[in-house]
Amino acid sequence: RRLPFSDILAQVAARYPGHPIVISETGCRGDMRAVWFDYTVDGAMGALEAGVDLQGVCLYPIIDMPDWYSGEWIEYGMWDLVPELGPDGERMRRRLHRPLREALARAQQRLRGSEELSAAA
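Quick summary incoming for the structure in this document. What you are looking at is a predicted structure, and each value in this text was computed from that prediction instead of being measured. (Residues numbered from 1 in each chain as written. Predicted model: local features only at pLDDT ≥ 70, side-chain atom pairs only at ≥ 80, totals over all residues. Heavy atoms only, no water.)

Checked against the element boundaries, Val12 lands in helix α1 (residues 5-15). Each C-alpha atom of the pair Val12 and Val52 lies 9.4 Å from the other, and the pair is 40 residues apart in sequence. (Helix = DSSP H or I, 4+ residues; strand = E, 2+ residues; numbered from the N terminus.)

Glancing now at the environment of Asp7. Along the chain, Asp7 falls in helix α1. Judged by relative accessible area, Asp7 falls into the partly exposed class, the value being 35%. For the pair Asp7 and Ala44, spaced 37 residues apart in sequence, the C-alpha separation works out to 9.6 Å. (Buried < 20%, exposed > 50% of the residue type's maximum accessible area, 1.4 Å probe, protein only.)

Moving on, we come to the pattern of salt bridges. Note that side chains of opposite charge can pair when their charged atoms are close. Applying the stated criterion across every chain yields a total of ten salt bridges. A salt bridge links Asp80 to Arg33; the nearest nitrogen and oxygen atoms lie 2.7 Å apart. Here Arg33 lies in helix α2 (residues 33-49) and Asp80 lies in strand β5 (residues 79-86), a separation of 47 residues in the sequence. Accessibility classification places Asp80 together with Arg33 in one group, the buried group. A salt bridge links Arg95 to Glu75; its shortest N-O distance comes to 3.8 Å. Separated by 20 residues along the polypeptide, Arg95 in strand β6 (residues 89-96) and Glu75 in the loop between β4 (73-74) and β5 bring together distant segments of the chain. Shared partners join several salt bridges into a network, and the residues in it are Arg33, Asp64, Glu75, Asp80 and Arg95. (Salt bridge = Lys/Arg side-chain N within 4 Å of Asp/Glu carboxyl O.)

See below:
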């Protein structure tokens, strides 16, 4: 009984006619971050092609954070936080999660291609 994400977005948009929608939070843990973002973008692009006034997608969180329930530190964002020993002791350093960055670049390219097609029509 699962619906494609693009259909869910269309249903939400139909519930609020005349109002744009935004995907305000989306993310996934660990190695599934890029896969989840690709899935989200596929749904967003499908909704746009169907005429949904989708204005944006927000990656949240953009940097790792503790789990809200367990407090466990989780790899969740575009950047992982890794401990590093510096001259003043241990500190946290950001490390880019390349698969998610590559997924974002693919999404940006798809959107640019979609805008060029729309402008030509």
